Amino acid sequence: MGRIMRLVVAGVLTAASSLGGGSAAAQSQSPFADRPAEARDSTAGPDAKPLPQETNDRGLADDSDSRITTPPSPATLLDPNVRPIDLNTALRLAGVQNPQLMIARQRVVEAAALRQLAAAQILPSINLGMNYDSHSGPLQQSNGNILPVNRSALYLGAGSGAVAAGTVAVPGVLLEGNVAAGVFGYLASRQVVAQRQFATLAIRNQTFLQTTLAYSELLRAEGRRAVSLQVRDEAKRVAELTASYANEGQGRPADAQRAQTELESREYDIQAAEEAILTSSARLCYVLNLDPSIRLHPTDAFVVPHPVVPDPTSVRELIALGLLQRPELKERQAAIREAFLALEGAKLLPFSPTILIGYSGGGFGGGSNLVRPVFGAFGGRSDLDLMAYWTLQNLGVGNLAQINLGKARLGVTNFQEIAVLDQVRAEVAEAYAKTHARYARIGTSERAVRSGTRGFQEDLIRIENSVAPAIETVDSLRLLARARYAYLDAIVDYDRAQFELYVALGQPPADALAHPVPTTGVTPSPEPTTASPDRPANINPAESVPLRDSGAPVLAPIAPSSPPARSS
């Protein structure tokens with residue numbers, strides 16, 4: 001019996017020591033081993049439940065022992081049914097379908113009709129009619145005698161209102177009005193037509209600018225999608241390599257998971273680019289007055305720089321050109337002329353006569369109870385009336401108020417011209433600065449794409465030939481993607497700045513921007529590192545970002561640096 005008790009005690013001690021060792025080992029491997037017991041116990045309670053397992057995008061629990069596989073790419077958000085469009089077609093549609101431009105053109109027609117109405121004031125009006133007058137009761141004669149009489153009269157012809165011995169109240173042919181008001185009113189109406197015409201040109205320029213900017217944003221969205229697809233394919237290659245190494249036990253699963261995360265991020269970029277394509281297409285449809293359910297697709301195969309204004313033109317010369325060409329300034333100048341004519345008309349109004357010329361002719365007859373016949377004696381009748389009078393409105397105070405009003409309006413239009421002048425100069429200078437700064441960014445981003453491409457290719461070859469950590473390759477891929485997006489944005493932003501500069505100049509004709517080609521004093525220079533108005537960065541317009549993706553990853557074509565082909 002004693003022997004049995006000793007064996008039982010020895011077994012219990014052995015089991016207790018083994019359990020204590022296992023707990024110590026588990027505690028050394030636990031990530032919470034360094035935390036106090038109170039902290040560990042405080043997170044648990046009698047109703048504590050186990051945390052849910054991490055799940056993947058398909059709702060399956062992640063298992064560290066399972067094989068790592070690269071998921072397929074999600075379906076695209078874009079409808080394959082598209083309407084191709086280019087910039088020239090978009091501009092033509094904007095010129096005939098944009099509602100704002102159509103409203104401006106109708107305002108020109110309205111102003112022309114008002115000018116025609118003002119010019120027609122020199123023509124007389126024709127009034128055809130008749131009147132019948134009947135009177136019963138006493139009348140007072142000029143000598144004060146009261147005379148009971150029953151009389152009647154009938155008039156038919158040019159004019160109306162022929163009663164008794166008076167002239168025709170409404171002449172058949174009538175010309176009336178103030179001479180100064182009619183003359184200056186017509187001259188002012190001509191300036192109103194000029195204002196509306198220049199305003200229409202300004203709206204047309206802004207409409208074309210909105211069209212080009214909307215088209216540029218559609219190009220940017222398509223370009224970002226093409227770059228995103230290219231980067232996604234490269235990330236997928238890295239993810240497949242790291243997953244293969246991890247599944248074979250030659251690489252770390254953490255590297256494979258990092259590459260998978262990068263791949264999913266690139267899928268997110270594709271979806272964001274597709275969203276931008278849909279919104280940019282809807283915006284362009286809005287500008288062109290098209291059905292927004294239609295998805296427009298640019299026919300451009302590449303995004304390339306489009307120099308519109310030649311670089312040799314200095315900013316001072318461009319500002320002077322903008323002040324001569326901008327329709328907004330011409331509109332303000334027409335408004336100043338209109339205000340000046342209104343002021344001159346107000347000054348001459350007290351000295352300008354109001355005239356009335358009337359002529360009437362027709363058949364007239366009648367009678368009364370004092371003569372025979374009671375109703376008859378019809379015959380022809382004609383009346384000619386000439387009147388002229390001068391008016392001093394409200395004892396001259398009304399005329400003075402009109403003069404002060406004209407001076408105030410003239411002052412307002414003068415200050416409005418100054419405001420528009422400052423706006424034109426600021427817009428030209430700002431657009432000029434944007435074109436040069438963004439042109440310089442094209443060269444910078446081009447070199448970043450070149451270096452990023454070489455770095456990523458070296459890292460990709462390294463992990464293809466040997467098991468290596470993927471963090472450097474993933475980082476190189478991110479830097480390359482950032483450089484490609486910056487390269488695309490630099491080109492699109494440069495094109496936007498060129499369009500803005502061209503509109504800021506008032507869309508001058510080509511001969512206003514042409515410069516003679518220098519034939520002497522020009523020597524080849526090495527590739528500059530920065531761009532300036534006199535020495536832009538050497539960028540070939542062929543260096544571009546593709547808009548159309550193919551089956552295999554395609555890098556943005558980067559041609560060797562060469563002097564830019566600038567338009568004149």
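See above for the structure.
Now for a look at the structure at hand. Here the structure is a predicted model, which means the values were calculated and not measured. (Residues numbered from 1 in each chain as written. Predicted model: local features only at pLDDT ≥ 70, side-chain atom pairs only at ≥ 80, totals over all residues. Heavy atoms only, no water.)

**A look at the packing of helix 3 (residues 87-97) against helix 4 (residues 99-119)**
Between helix 3 and helix 4, the shortest axis-to-axis distance is 6 Å and the interhelical angle comes to 45 degrees. It follows that helix 3 is oblique to helix 4 by the angle criterion. Where helix 3 approaches helix 4, its residues Ala94, Gly95, Val96 and Gln97 are matched on the opposing element by Pro99, Leu101, Met102 and Arg105. Residues of the contact of helix 3 with helix 4, tallied by class, amount to five nonpolar, two polar and one charged. (Axes fitted to C-alpha atoms, helices over the stretch in contact; angles between N-to-C directions. Helix = DSSP H or I, 4+ residues; strand = E, 2+ residues; numbered from the N terminus. Parallel < 35°, antiparallel > 145°, perpendicular 65-115°, else oblique. Contact = heavy atoms within 4.5 Å. Nonpolar A, V, L, I, M, F, W, Y, C, P; charged D, E, K, R; others polar.)

**Re the side chain of glutamate 500**
Looking at the element boundaries, glutamate 500 is found in helix 10 (residues 471-504). On the accessibility criterion, glutamate 500 (18% relative accessible area) is buried. The contacts of glutamate 500, once residues within four sequence positions are left out, are Leu209, Leu213, Ala431 and Lys434. (Buried < 20%, exposed > 50% of the residue type's maximum accessible area, 1.4 Å probe, protein only.)

**Observations regarding the nonpolar core**
Grouped together as the largest cluster of nonpolar side chains are 26 residues, with contacts concentrated most on Ile85, Leu284, Leu288, Leu296, Val303 and Ile442. In terms of residue count, the dominant contributor to this core is helix 10 (seven residues). Excluding residues that lie within four positions of it along the chain, leucine 288 makes contacts with Ile85, Ala90, Leu93, Ala94, Gln97 and Thr211. Counting residues in each nonpolar core, the second largest holds 17 residues, with Val227, Ala239, Ala259 and Ala468 among its members. (Core = buried A, V, L, I, M, F, W, Y, C linked by side-chain atoms within 4.5 Å.)

**A look at unusual backbone geometry**
Trans is the common state for peptide bonds, and a negative phi is the common state for residues other than glycine. Non-glycine residue asparagine 394 carries a positive phi angle of around 50 degrees. Residue position: asparagine 394 is located in the loop between strand 10 (376-389) and helix 9 (397-465). With phi around 60 degrees, leucine 395 is a residue other than glycine that occupies positive phi space. Among the structural elements, leucine 395 can be located in the loop between strand 10 and helix 9.

**Regarding the environment of histidine 306**
Take histidine 306: it is sitting in the loop between strand 8 (302-303) and helix 7 (315-325). Taking the C-alpha atoms as reference points, histidine 306 and alanine 497, separated by 191 residues in sequence, lie 9.9 Å from one another. In this structure histidine 306 touches Tyr494, Asp495 and Gln498, once residues within four positions along its chain are discounted.

**A word on a nonpolar patch on the surface**
Residues Ile126, Leu128, Val173, Ile357, Tyr359, Leu384 and Leu386 make up a contiguous nonpolar surface patch of roughly 740 Å² in combined accessible area. Those elements giving two or more residues to the nonpolar patch turn out to be strand 9 (354-368) and strand 10. For leucine 384, the position within the fold is in strand 10. (Patch = residues over 30% accessible without salt bridge, like charges linked within 9 Å, V, L, I, M, F, W, Y side chains within 5 Å. Areas by Shrake-Rupley, 256 points an atom, 1.4 Å probe, with all protein chains shown as cover. Salt bridge = Lys/Arg side-chain N within 4 Å of Asp/Glu carboxyl O.)

**Looking at the environment of threonine 212**
Structurally, the position occupied by threonine 212 is in helix 5 (residues 179-247). For threonine 212, a relative accessible area of 6% corresponds to the buried category. Residues threonine 212 and leucine 91, spaced 121 residues apart in sequence, show a C-alpha to C-alpha distance of 7.7 Å. What threonine 212 contacts, discounting residues up to four positions off in sequence, is Leu87, Leu91 and Phe499. A polar contact of 2.8 Å, which involves the side chain of threonine 212, links it to the backbone oxygen of leucine 209. (Polar contact = N/O pair within 3.5 Å; in protein donor to acceptor, adjacent residues only side chain to side chain.)

Read these as geometric descriptors, not functional statements.
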